[in-house]
Amino acid sequence: MGLLGTSTSFVGASEPAQPNRLPSAGQINRARPVRFTFDGRQHIAYEGDTLASALVASGTRLVSRSFKYHRPRGILTAGPEEPSALVELRNGARREPNTRATTIELYDGLSAVSQNAWPSLRYDLMSVNQVAAPLFAAGFYYKTFMWPAALWEKLYEPVIRSAAGLGRAASEPDPDTYEKVWAHCDVLVVGGGPTGLAATLSAGRAGARVILCDDDFRTGGRALSETHAINEGVGAAWVETALDELDALSNVTVLPRTSVTGVYDGGTYSALERVADHLPSPAPGQPRQRLWRIVTKRAVIATGAIERPIVFADNDRPGVMMASAARTYINRFAATPGERIAVFTNNDDGWQTARDAAAAGVRIAAVIDTRPAEATRDVARGIDAPVINGVVTRTDANAHGVTGVFVRADDGSSHTFACTSLAVSGGWNPNVALTCHKRGKPEWREDIAAFVPAGHSADLLPAGAAAGVYGMGACLRSGHETGVRAAADTGFSGSGGAIPRADDEAARITAFWHVSTSKASGTKGKAFVDHQHDVTREDIALAHLEGFRSVEHLKRYTTLGMATDQGRLSNVLGLALMAEARGISIAEQGTTMFRPPYAPMAIGALAGAHRDASSKPTRLTPSHDWAVEQNASFVDAGLWKRAEWYTRAGETTWRQSCGREVRTVREAVGFCDVSTLGKIDVVGPDAAVFLDRVYSNLMSTLPVGKCRYGLMLREDGFVYDDGTVARLSEQHYFVTTTTANAGLVMQRLDFARQVLWPDLAVNVTSSTDQWAQVSIAGPQARTLVQRLVGDACDVSADGLAFMGQTTAQLPDGGPLARIYRISFSGEVAFEVGVPARFGRALCERLTALGSDLGVAPYGTEALNVLRIEKGHVSGPELNGMTTAGDLCLGGLMSKRKDFIGRTLSYRPALRAPDRPTLVGFKPCDTSETFQAGAHAFAAAGDLTPANDEGYVTSVCHSPTLGHTIALGLVRNGPDRHGERVRIHDPLRGSTIDAEVCAPHFYDPTGAIQRG
Amino acid sequence: MRITCPHCGQRDISEFTYLGDGSIRTLALGFGGPDAPPDAEIDAAHDAVFLRDNPRGHHRELWYHALGCRQWVDVVRNTATHDVISTRAAAAAHVELER
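Fair warning: this is a prediction, and the values are worked out from it, not measured in the lab.

**Concerning the overall build of chain A**
Along its length, chain A carries 25 helices and 49 strands. Here the C-alpha coordinates of chain A stretch approximately 110 × 70 × 60 Å along the principal axes. Here chain A holds 1011 residues, and 58% of them are scored as buried. Put simply, 66% of the contacts in chain A that link residues at least 6 apart link residues at least 24 apart. Across chain A, the 102 positively charged side chains and the 107 negatively charged ones have centroids separated by 1 Å.

Below, the structure written as structure tokens:
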């Protein structure tokens, strides 16, 4: 590394140059050139570069336009806090907006374009917004586009939406895959800088299981960007040694390219690993990103500190850069931000940039320090450049960026310095974000003019610069000690080894926030606080003037800190300016809340593998494949796929298939897969008592070998679920639930058994997946079932009466089957249950045995028509708003016992005589039809909500009767059979006359099904 | 959040379903029969089903380990910090509540 003498030694004459690449040093691989395009222009850089460092090396200063005013912007930082250098990365389906050039690891063939520029970055028409700037002052969207309201939808919103916004998202489905992983450890170290590495070393040596997450692709943080010696060598060498040692420790996992994004309860952390973002596209089978959920006992927060800007006129011009970022580009990437750099600082650290730049051969235009001469005397020693104790009042700039600075010295003299880059340091903000995710409240420390972590839970251990500890030596010691403590807290008191050594540099600071305009003559330029959302000092003054002064009001009124960078550079500046305007301290002004995620995350990473067909599980019945072969169409019923009808040759509409299936059941025999019904075994000496308490009707009186319809109420007295209960033996009941409520009823029975009545000797087991169950219905059902069971049992009217239950060993090596004589269709019907693996065989056997009987499978549509014809209630009637009485099932409310829901079912409103009650409807003109959801009104009167008398719940065309039939609920329903009402459907705009009738359209006496 | 299931050990919250206040039992048996329950019983049931305190601090509540052992767990949780103070099987907690 760093051996090639010049940046152009391998580059042919036609290759783009790297004019700002320094001739040697840097953590880049000069032997591996990397080609990329920015805004369609070819560039070249090296492996190890970020997009930002590559652009710096290429001399590209203008990289984006700002959000609101479309001002030209450059690269401000060298890290994830970047507010300005946002680009759209990649093309097509992989296009990603708002990507920070400072975090993009360069790869060969990378393509990026600038954002917010139209038609081009250099000639941006929207920059006229600057002329119209008064319109865009703080709170503009509350004020400017309010009137006339009619223009909002047609004009304001479309124009604003097309002009504003940060980049364009991809419009195609994400082609990449993502995965999620859990990890458990004793100590999580967040941040792989000097502090984090020292903490990982000491905790790992002590024996704790440690995971280190570092968001950079190259671990080391400031140790890679500073020139301090660590353990007598260069920082990068110490990092290599440390990583080698960690690699050899089996209890330590180092995750580079991994950002910890959130702190959650119980020591759970989320972290996003960018697995393949540094590749043109992920390798086959490789996820693009991996979402880690890490459970740890202690977390060392070694997230460092973020340098903050100073507010002055035109402080956003390309070429203005944070002082520490300038050092990073020079020291780590061997790329200088300019050939002539001025430094503007309020603290000792800023001077290091001047020293490092000078050491790299870059000319220093001047160092301007806001502090008085006596404060800078020591730190200025050895600086070969003009030193001014004063302020930068404004930058001078051309279309490409900064060309110089206007300076006012404390003695009143004015100066101008030509420069191509201005390095600014306003001090450092400890990166406290993660310590706030669980309601930590940072405290202001006057001595370092910064907020430090406070009020966070004890398992978070801030260390190093994140804790307000500045200086390389101090950070290494802090990291080491915190690692030792974290390990000891989790039971590992082994030695942490030797403490890494480095000198402690000076880090004095005098708080300085903005260059006041009153003193600076002739400075008209905008002074930016939040670069990403274009919030200026004037916006904050306006917010103060208009009374939006608390931190939360300030944020929402000006949008300060609400951009994708979450105000990492701007928040404290904004608070300081507001505190100054209010004449209060920054501590009194307080801070806003930080919430997860710390960094923007792709939705795909949050979804992981749960997308498209895998967004939820798919449940298939045991005979699913058979149904597919029979040309079934499927409907989603919860997680299940249920056959809704089976299309036969010549059938072109579902109504034809459904009608045929209904006629098959009414005239011959059909069978339907009902395996999706919830099935629960209730077993034990107290099984009968238990079921008496959870069902409204009696189950203890059910004889062995019999089935009974059962109704469950909710605790509030409304109907919850229904199903059948079969008593297989004295202490063994087999309960079925609706498909929709299967899981919830199971949970409820668990609740009743464990929480309400743990004294009952009863056990409850779900067996939904263990049984394939088929309903066989029709005049020929008995013949077919008898053929199926052979001599195993007698299913004649006498052998197995209506609501009877028996078991049969199916012939020819078949399984033991459970036979239930229950009917949902009104026909003679049986349900046959076999172990799930025989589900397909059962369907095949029924088809073969019943071919001469005209047997056919039927789906859920026919099932629904059959039950409406018969007047059975189902999901549309069990809608959470109906009582047993409403459904004419009041007789199932036992008066011989107590049960869940009984007490509150006695509330007067639930027993009001005029409640809408179950009826049937049929159109007076049988050629007319209507749909579920329509409302019922008396024959005369206005069609107004006040006259509403009920509603239609289930509607179908009855092939048996040849016209539309319906179930519904209407006031005093049972008393109104034969009455003519109007069925009004305001949504679809129809009103037809219908007759109220009994809900049983087919076999009202039940003679057929009992036959 | 993580809950220590008495049967399975410490597990992530995503395996659990929340019910609510664990100090309330929503069904008191003994009033079954041909007659309506007394008004006081209806009122008490109404309060048990519909009225909830929302305390800051320790809160006793019921969680169902739906994606685990299917046991109901009696949890004392600090609603301000989400710290789980204690857990035990709901069946065991019931005995104490009955006293």
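**Topic: the sheet that holds strand 34 (residues 678–683) of chain A**
Residue and element names in this part refer to chain A. What the five strands build is an open sheet, ordered 35-36-37-34-38; its pairing is antiparallel. Edge strands, defined here as strands with exactly one partner in the open sheet, are strand 35 (707–713) and strand 38 (763–766). Ignoring which end each strand starts from, the neighbouring axes of this sheet average 30° apart. Taken together, the six bridges between strand 34 and strand 37 (residues 732–737) define a ladder with antiparallel strand orientation. Counted as the bridge partner of Val682 is Tyr733 from strand 37. Seen against the sheet, helix 20 (residues 742–756) touches strand 34, strand 35, strand 36 (719–729), strand 37 and strand 38 and runs at an angle of roughly 165° to strand 38.

**Let's talk about the interface of chain B and chain A**
Tallying the contact residues gives 35 residues for chain B and 31 residues for chain A. Across the chain B/chain A interface, buried area totals approximately 2,900 Å², and carbon plus sulfur atoms make up 60% of it. Counting across the interface, chain B meets chain A through one salt bridge. A salt bridge links Asp750(A) to Arg70(B), with the shortest nitrogen-to-oxygen separation between them at 2.8 Å. Counting across the interface, chain B meets chain A through nine residue pairs in polar contact (both at pLDDT 80 or more). Sorting the residues of the side of chain B that touches chain A by element identifies strand 2 (9–12), strand 3 (17–21), helix 1 (39–50), strand 4 (58–64) and helix 2 (90–98) of chain B as the ones contributing at least two each. Here the side of chain B that touches chain A gets six residues from one element, more than from any other, and that element is helix 1 of chain B. Counted by class, the side of chain B that touches chain A contains 18 nonpolar, eleven polar and six charged residues.

**Side note on the nonpolar core**
Counting 91 residues, the largest nonpolar core has Leu51(A) and Phe344(A) as the members making the most contacts within it. Tallying contributions element by element places helix 1 (residues 51–57) of chain A first for this core, with six residues.

**Comments concerning the environment of Phe838(A)**
All names here are of chain A. Mapped onto the fold, Phe838 is located in the loop between strand 42 (829–835) and helix 22 (839–849). A relative accessible area of 23% places Phe838 in the partly exposed class. As a C-alpha pair, Phe838 and Ser874 span 36 residues in sequence and 28 Å in three-dimensional space.

**Here we look at empty space enclosed by the protein**
Residues and elements named next belong to chain A. This model, assessed by the stated rule, comprises nine cavities of 30 Å³ or more. What the largest cavity holds in volume is close to 270 Å³. Listed by contribution, the elements that provide at least two residues to the lining of the largest cavity are strand 24 (428–430) and helix 14 (571–582). Element by element, the count of residues in the lining of the largest cavity is highest for helix 14, at three residues. Within the lining of the largest cavity, the residues separate by chemical class into eleven nonpolar, eight polar and two charged.

**Some thoughts on unusual backbone geometry**
Apart from glycine, the bulk of residues carry a negative phi angle, and the bulk of peptide bonds sit in the trans form. Residue and element names in this part refer to chain A. A cis geometry characterises the amide bond from Pro596 onward to Pro597, with omega recorded as -5°. With respect to the helices, strands and loops of the structure, Pro597 is situated in the loop between helix 15 (586–589) and helix 16 (603–607). Unlike most non-glycine residues, Asn231 shows phi in positive territory, near 50°. The topology assignment puts Asn231 in the loop between strand 10 (229–230) and strand 11 (233–234). Look at Asn231 and you get partly exposed, because its relative accessible area is 32%. Residue Asp534 is not a glycine yet carries a positive backbone phi of 55°. Position of Asp534 relative to the elements: it lies in the loop between strand 28 (528–530) and strand 29 (535–536).

**Thoughts on the packing of helix 4 (residues 194–206) of chain A against helix 11 (residues 472–489) of chain A**
Residue and element names in this part refer to chain A. Direction vectors running N to C along helix 4 and helix 11 enclose 35°, while the axes themselves pass 7 Å from each other. Classified by chirality, the crossing of helix 11 by helix 4 is right-handed. Contact with helix 4, carried on its side by Pro194, Thr195, Ala198, Ala199, Ser202, Ala203 and Ala206, involves Met472, Cys475, Leu476, Gly479, His480, Gly483, Val484 and Ala487 of helix 11 and no other residues of that element. Here the residues of the contact of helix 4 with helix 11 are counted per class, giving ten nonpolar, five polar and no charged.

**Side note on the sheet that holds strand 5 (residues 86–89) of chain A**
All names here are of chain A. Reading across the sheet, the five strands line up as 2-1-7-5-6 and stay open at both edges, with mixed pairing between neighbours. Edge positions in the sheet fall to strand 2 (41–47) and strand 6 (96–100), since each has one partner strand and no second. Direction aside, neighbouring strands of the sheet carry axes that sit 40° apart on average.

**Some points on the packing of helix 7 (residues 323–332) of chain A against helix 8 (residues 348–359) of chain A**
Residues and elements named next belong to chain A. Taken N-terminus to C-terminus, the directions of helix 7 and helix 8 make an angle of 30°; their axes are 9 Å apart at the nearest point. Put simply, helix 7 runs roughly parallel to helix 8. Regarding helix 7 and helix 8, the two cross each other, and that crossing is left-handed. Touching Ala323, Ser324, Ala326, Arg327, Ile330 and Asn331 of helix 7 are Asp349, Gly350, Gln352, Thr353, Asp356 and Ala357, all from helix 8. For the contact of helix 7 with helix 8, the residue count by class is four nonpolar, five polar and three charged.

**Thoughts on helix 14 of chain A**
Residues and elements named next belong to chain A. With twelve residues, helix 14 extends 16 Å between its outermost C-alpha atoms, agreeing within 8% with the 16 Å of an ideal straight helix rising 1.5 Å per residue. Of the positions making up helix 14, those classed as buried are Asn571, Val572, Leu573, Gly574, Leu575, Ala576, Leu577, Met578 and Ala579. The first or second residue beyond helix 14 is Gly583, which carries a positive phi of 70°.

Conventions and cut-offs
Residues numbered from 1 in each chain as written. Chains lettered and ligands numbered in written order. Predicted model: local features only at pLDDT ≥ 70, side-chain atom pairs only at ≥ 80, totals over all residues. Heavy atoms only, no water. Helix = DSSP H or I, 4+ residues; strand = E, 2+ residues; numbered from the N terminus. Buried < 20%, exposed > 50% of the residue type's maximum accessible area, 1.4 Å probe, protein only. Contact = heavy atoms within 4.5 Å. Lys, Arg positive; Asp, Glu negative; His and termini not counted. Charge placed at Lys NZ, Arg CZ, Asp CG, Glu CD. Pairing = 2+ DSSP bridges. Axes fitted to C-alpha atoms, helices over the stretch in contact; angles between N-to-C directions. Buried area = accessible area lost by both parts, 1.4 Å probe. Salt bridge = Lys/Arg side-chain N within 4 Å of Asp/Glu carboxyl O. Polar contact = N/O pair within 3.5 Å; in protein donor to acceptor, adjacent residues only side chain to side chain. Nonpolar A, V, L, I, M, F, W, Y, C, P; charged D, E, K, R; others polar. Core = buried A, V, L, I, M, F, W, Y, C linked by side-chain atoms within 4.5 Å. 1 Å grid on protein atoms, 1.4 Å probe; cavity = no way out; pocket = protein on both sides within 12 Å on 5 of 7 lines; lining within 4 Å. Points joined across faces, edges and corners; volume = space filled by probe spheres on them. Left-handed = near helix turned anticlockwise from the far one by under 90°. Parallel < 35°, antiparallel > 145°, perpendicular 65-115°, else oblique. Expected span 1.5 Å × (residues − 1).

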